[in-house]
Amino acid sequence: QLQASGGGLVQAGGSLRLSCTASRMIFSTFITYEMGWYRQPPGKPRELVATITSGRVTHYADSVTGRFTISRDNSKKSVKLQMNGLKPEDTGVYYCAAVGRSPSYWGQGTQVTVSS
């Protein structure tokens, strides 16, 4: 249901933009979901990065506040994560997710690697 892209290798201090599209989800379903980005650092459990409601109310993990920005375009059924000021500890597999109701949907994950 969700296709994520935009990961890669970047030096510390750099920027990346992740994109996710719910191409197989109809519009009326997409707007009922809270969309989020989660990440799984190497050897650690998955953690919340940021979420955004259909009404564009956002929530961020403390570790990314001020550096990352989540946005969504309901008409395109898409959500993006702009990541600035990247740090090595931001390294991990990033997952796009449609949450807030059942069933939830998860994308395949995209690798983000930040070198020091």
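Residues numbered from 1 in each chain as written. Predicted model: local features only at pLDDT ≥ 70, side-chain atom pairs only at ≥ 80, totals over all residues. Heavy atoms only, no water.

A. Just the packing of aromatic side chains, in detail. Applying the stated criterion across every chain yields a total of two aromatic pairs. The interplanar angle of 65° and the centroid separation of 5.9 Å between the aromatic rings of Y33 and Y105 together place this pair among those described as edge-to-face. Of the two residues, Y33 is situated in the loop between α1 (27–30) and β4 (34–40) and Y105 in strand β10 (residues 105–106); the sequence distance between them amounts to 72 residues. Given a relative accessible area of 2%, Y33 falls into the buried group. Classification of Y105 by relative accessible area gives partly exposed; the value is 24%. Pairing Y38 with W106 gives two aromatic rings, centres 4.9 Å apart and planes at 55°, and the pair type is tilted. Of the two residues, Y38 sits in strand β4 while W106 sits in strand β10, which places them 68 residues apart along the sequence. By relative accessible area, which is 16% here, Y38 ends up buried. Over the ring of Y95 we find R46; its NZ or CZ atom is 4.0 Å from the centre of that ring. (Phe/Tyr/Trp six-rings, centres within 6.5 Å; stacked < 30°, edge-to-face > 60°. Helix = DSSP H or I, 4+ residues; strand = E, 2+ residues; numbered from the N terminus. Buried < 20%, exposed > 50% of the residue type's maximum accessible area, 1.4 Å probe, protein only. Lys NZ or Arg CZ within 6 Å of the ring centre and 35° of its normal.)

B. Local environment of the sheet that holds strand β3 (residues 16–21). Spatially, the four strands line up as an open sheet ordered β1-β3-β8-β7, and their pairing is antiparallel. This sheet does not close on itself; its edge strands, each paired only once, are β1 (3–5) and β7 (68–73). Along the sheet, successive strands turn relative to each other by an average axial angle of 15°, direction set aside. Looking at chain direction, β1 and β3 are connected through three bridges and run antiparallel. When the bridges of β3 are listed, S5 appears paired with S19. (Pairing = 2+ DSSP bridges. Axes fitted to C-alpha atoms, helices over the stretch in contact; angles between N-to-C directions.)

C. Structural view of unusual backbone geometry. For the peptide bond that leads from S102 to P103, omega is -10°, which places it in the cis range. Residues other than glycine seldom take positive phi values, yet R56 does so here, at roughly 70°. Relative to the helices and strands, R56 is located in the loop between β5 (47–52) and β6 (58–60). For R56, a relative accessible area of 46% translates into the label partly exposed.

D. Expanded view of the pattern of salt bridges. Throughout the structure, instances matching the rule amount to three salt bridges. Among the salt bridges present, the one from E47 reaches R39, with a minimum N-O distance of 2.7 Å. Take E47: its relative accessible area is 30%, and that puts it in the partly exposed class. In this structure R39 comes out as buried when scored by relative accessible area, which is 3%. Note that R39 and D90 form a salt bridge whose closest N and O atoms lie 2.9 Å from each other. Separated by 51 residues along the polypeptide, R39 in strand β4 and D90 in the loop between β8 (78–83) and β9 (92–99) bring together distant segments of the chain. Three or more residues are tied together by salt bridges with common partners; here these are R39, E47, R67 and D90. (Salt bridge = Lys/Arg side-chain N within 4 Å of Asp/Glu carboxyl O.)

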